Amino acid sequence: TFAPDYCQSILDAFDEHAKSVAIAVPYYHRIICSDMEDRAMLRYEIYTRNYNLNLLRIGSPYAYTALGSAIVCRVKSCRAVGGFDTQASGEDFYFLQKLTKYGNILRYHTSKVYPATRYSFRVPFGTGPAIYKGSSGDWNSYPVFHHSGFDIVENTYKQISTLFYQNMDNEFIDFLKTVFSTDDLWSPLRKNYKTLSSFTRAFHNKVDGLRIFQFLRNYQFNTVKKTDENCLSDFFEQYYPHKHSYFFQEKEPFSFTKISLKKLNELRDFLMEEEANYQQIYDNKFN
């Protein structure tokens, strides 16, 4: 579902930001008054918003949620990156990733897209499969990533100027060495990109959204080993302590299955509002 002003708002945004190549439009799943589906949808959206909010927090160029119905781009940009890939699923993610390497993407927008809250079996992952699997208690594909994994990525970002001159190691870089099957990650970039700014861009093109996701997933299951509830609680305790007591310090331990639907929706809405704040800051800085 789209608001009546949606198309015009897109045109206005591209007019205002002439150099932007695409918009990752904000989204919002509506409550449909089915406890099982609504609860699964809210948990899935908390997963996506926790992920994106942390990426925005650390200043990642890949800070957006890839929803096919919420991607808008210029025809020129679409042609320049070769259009959508042909895989059965994830094509929206890879399309936005290619656009990120091509130019600037707007994160914030005045109008939203409202995807349906429903079961779906058309693709292996995404909203529909998440709601279906989540309704039966299977959330292995959609963990609430712990904020410490993002902090490791952020610390690597802060060391790009060091990597321009010399090697260094941390958990993220060690993981990248395994993924790329080499201990010499940076020499080829130093050879081909002679300035820090060009090296930085090449770094982000190499260490893209896919590599970040792969690292976070590996870190989550092999290092963190905490429940989704504990990971979310740790995130609020670290970055939103004023809200932690409201959502997590009740008589009963916080549980996605036991918390009231009203409060779960409030938690989702709080993350959405924080995400929007970060998106505006990001766009003002880079667009």
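Residues numbered from 1 in each chain as written. Predicted model: local features only at pLDDT ≥ 70, side-chain atom pairs only at ≥ 80, totals over all residues. Heavy atoms only, no water.

## Here's the deal with the overall build of the protein
For step 1, the next point in the chain: Helix and strand counts for the protein come out as 14 helices and three strands.
For step 2, the next point in the chain: Taken over the C-alpha trace, the protein has a radius of gyration of 19 Å; the compact-globule value for 287 residues is 19 Å, and the two agree within 12%.
For step 3, the next point in the chain: Over its C-alpha atoms, taken along the principal directions, the protein stretches across nearly 55 × 45 × 35 Å.
For step 4, the next point in the chain: Across the protein, contacts joining residues at least 24 apart in sequence account for 73% of those joining residues at least 6 apart.
For step 5, the next point in the chain: About 14100 Å² of surface is accessible on the protein, with carbon and sulfur atoms providing 51% of the total.
For step 6, the next point in the chain: Across the protein, 34 positive and 32 negative side-chain charges occur, with their mean positions spaced 5 Å apart. (Helix = DSSP H or I, 4+ residues; strand = E, 2+ residues; numbered from the N terminus. Rg over C-alpha atoms; globule rule 2.2 N^0.38 Å. Contact = heavy atoms within 4.5 Å. Areas by Shrake-Rupley, 256 points an atom, 1.4 Å probe, with all protein chains shown as cover. Lys, Arg positive; Asp, Glu negative; His and termini not counted. Charge placed at Lys NZ, Arg CZ, Asp CG, Glu CD.)

## A look at unusual backbone geometry
For step 1, the next point in the chain: For cysteine 33, which is not a glycine, the phi torsion comes out positive at approximately 65°.
For step 2, the next point in the chain: In this structure, cysteine 33 sits in the loop between strand 1 (22-24) and helix 2 (35-57).
For step 3, the next point in the chain: Notably, lysine 225 is not glycine yet its phi reads approximately 55°, a positive angle.
For step 4, the next point in the chain: Within the secondary structure, lysine 225 sits in the loop between helix 11 (209-224) and helix 12 (228-239).

## What about the nonpolar core?
For step 1, the next point in the chain: Counting residues in hydrophobic clusters, the biggest one holds 68 residues, and the most contacted among them are Trp186, Leu232, Phe236 and Leu267.
For step 2, the next point in the chain: For this core, the leading source of residues is helix 2, giving ten residues.
For step 3, the next point in the chain: Ignoring any residue separated from it by four or fewer positions in sequence, one finds leucine 267 in contact with Ile46, Leu232, Phe236, Phe247, Phe248 and Phe254. (Core = buried A, V, L, I, M, F, W, Y, C linked by side-chain atoms within 4.5 Å. Buried < 20%, exposed > 50% of the residue type's maximum accessible area, 1.4 Å probe, protein only.)

## Considerations on the packing of aromatic side chains
For step 1, the next point in the chain: Scanning the model with the defined rule gives 32 aromatic pairs in all.
For step 2, the next point in the chain: Ring centres of tyrosine 51 and phenylalanine 150 lie 5.7 Å apart, and the angle between their planes is 70°; this geometry places the pair in the edge-to-face category. With tyrosine 51 in helix 2 and phenylalanine 150 in helix 6 (residues 147-158), this pair connects stretches of sequence that are 99 residues apart. One exposure class covers both tyrosine 51 and phenylalanine 150, and it is buried.
For step 3, the next point in the chain: Measuring from centroid to centroid gives 5.3 Å for phenylalanine 236 and phenylalanine 248, while their planes differ by 55°, and the two rings are tilted. Of this pair, phenylalanine 236 sits in helix 12 while phenylalanine 248 sits in helix 13 (residues 241-248), and the two are twelve residues apart along the sequence. (Phe/Tyr/Trp six-rings, centres within 6.5 Å; stacked < 30°, edge-to-face > 60°.)

## Details of helix 8 (residues 171-180)
For step 1, the next point in the chain: Within helix 8, the full set of buried residues consists of Phe172, Ile173, Phe175, Leu176 and Lys177.
For step 2, the next point in the chain: Each element contacted by the buried residues of helix 8 is listed here: helix 6, helix 7 (160-163) and helix 11.
For step 3, the next point in the chain: Between the side-chain oxygen at the start of helix 8 and the backbone nitrogen of phenylalanine 172 there is a gap of 3.0 Å, and the oxygen is on asparagine 170. (Polar contact = N/O pair within 3.5 Å; in protein donor to acceptor, adjacent residues only side chain to side chain.)

## Describing the sheet that holds strand 3 (residues 105-106)
For step 1, the next point in the chain: Across the sheet, three strands lie side by side as 2-1-3; this open sheet has mixed pairing. The sheet is open, and its two borders are formed by strand 2 (71-73) and strand 3, each paired with just one other strand.
For step 2, the next point in the chain: Sheet analysis places strand 1 next to strand 3, joined by two bridges and oriented parallel. Paired with isoleucine 23 across the two strands is leucine 106, which belongs to strand 3. (Pairing = 2+ DSSP bridges.)

## Section: the state of the cysteines
For step 1, the next point in the chain: In this structure the tally under the stated criterion is zero disulfides.
For step 2, the next point in the chain: The cysteine cysteine 73 is free of any disulfide, with cysteine 78 supplying the nearest cysteine sulfur at 4.5 Å.
For step 3, the next point in the chain: Judged by its relative accessible area of 24%, cysteine 73 falls in the partly exposed class. (Disulfide = S-S within 2.5 Å.)

## Here's the deal with the pattern of salt bridges
For step 1, the next point in the chain: In total, this model carries 14 salt bridges according to the counting rule given.
For step 2, the next point in the chain: Two residues, lysine 101 and aspartate 208, come together in a salt bridge whose shortest N-O distance is 2.9 Å. Taken together, the positions of lysine 101 in helix 4 (residues 91-102) and aspartate 208 in the loop between helix 10 (196-206) and helix 11 put the pair 107 residues apart, joining distant regions of the chain.
For step 3, the next point in the chain: The partly exposed category is assigned to lysine 101, whose relative accessible area is 29%.
For step 4, the next point in the chain: We note a salt bridge from arginine 268 to aspartate 269, for which the minimum N-O separation is 2.9 Å. Aspartate 269 matches arginine 268 in its accessibility class, with the two residues each being buried.
For step 5, the next point in the chain: When salt bridges that share partners are traced, they join Glu45, Arg49, Arg268, Asp269 and Glu275 into one network. (Salt bridge = Lys/Arg side-chain N within 4 Å of Asp/Glu carboxyl O.)

Spatial relationships are all this shows, so hold off on functional conclusions.
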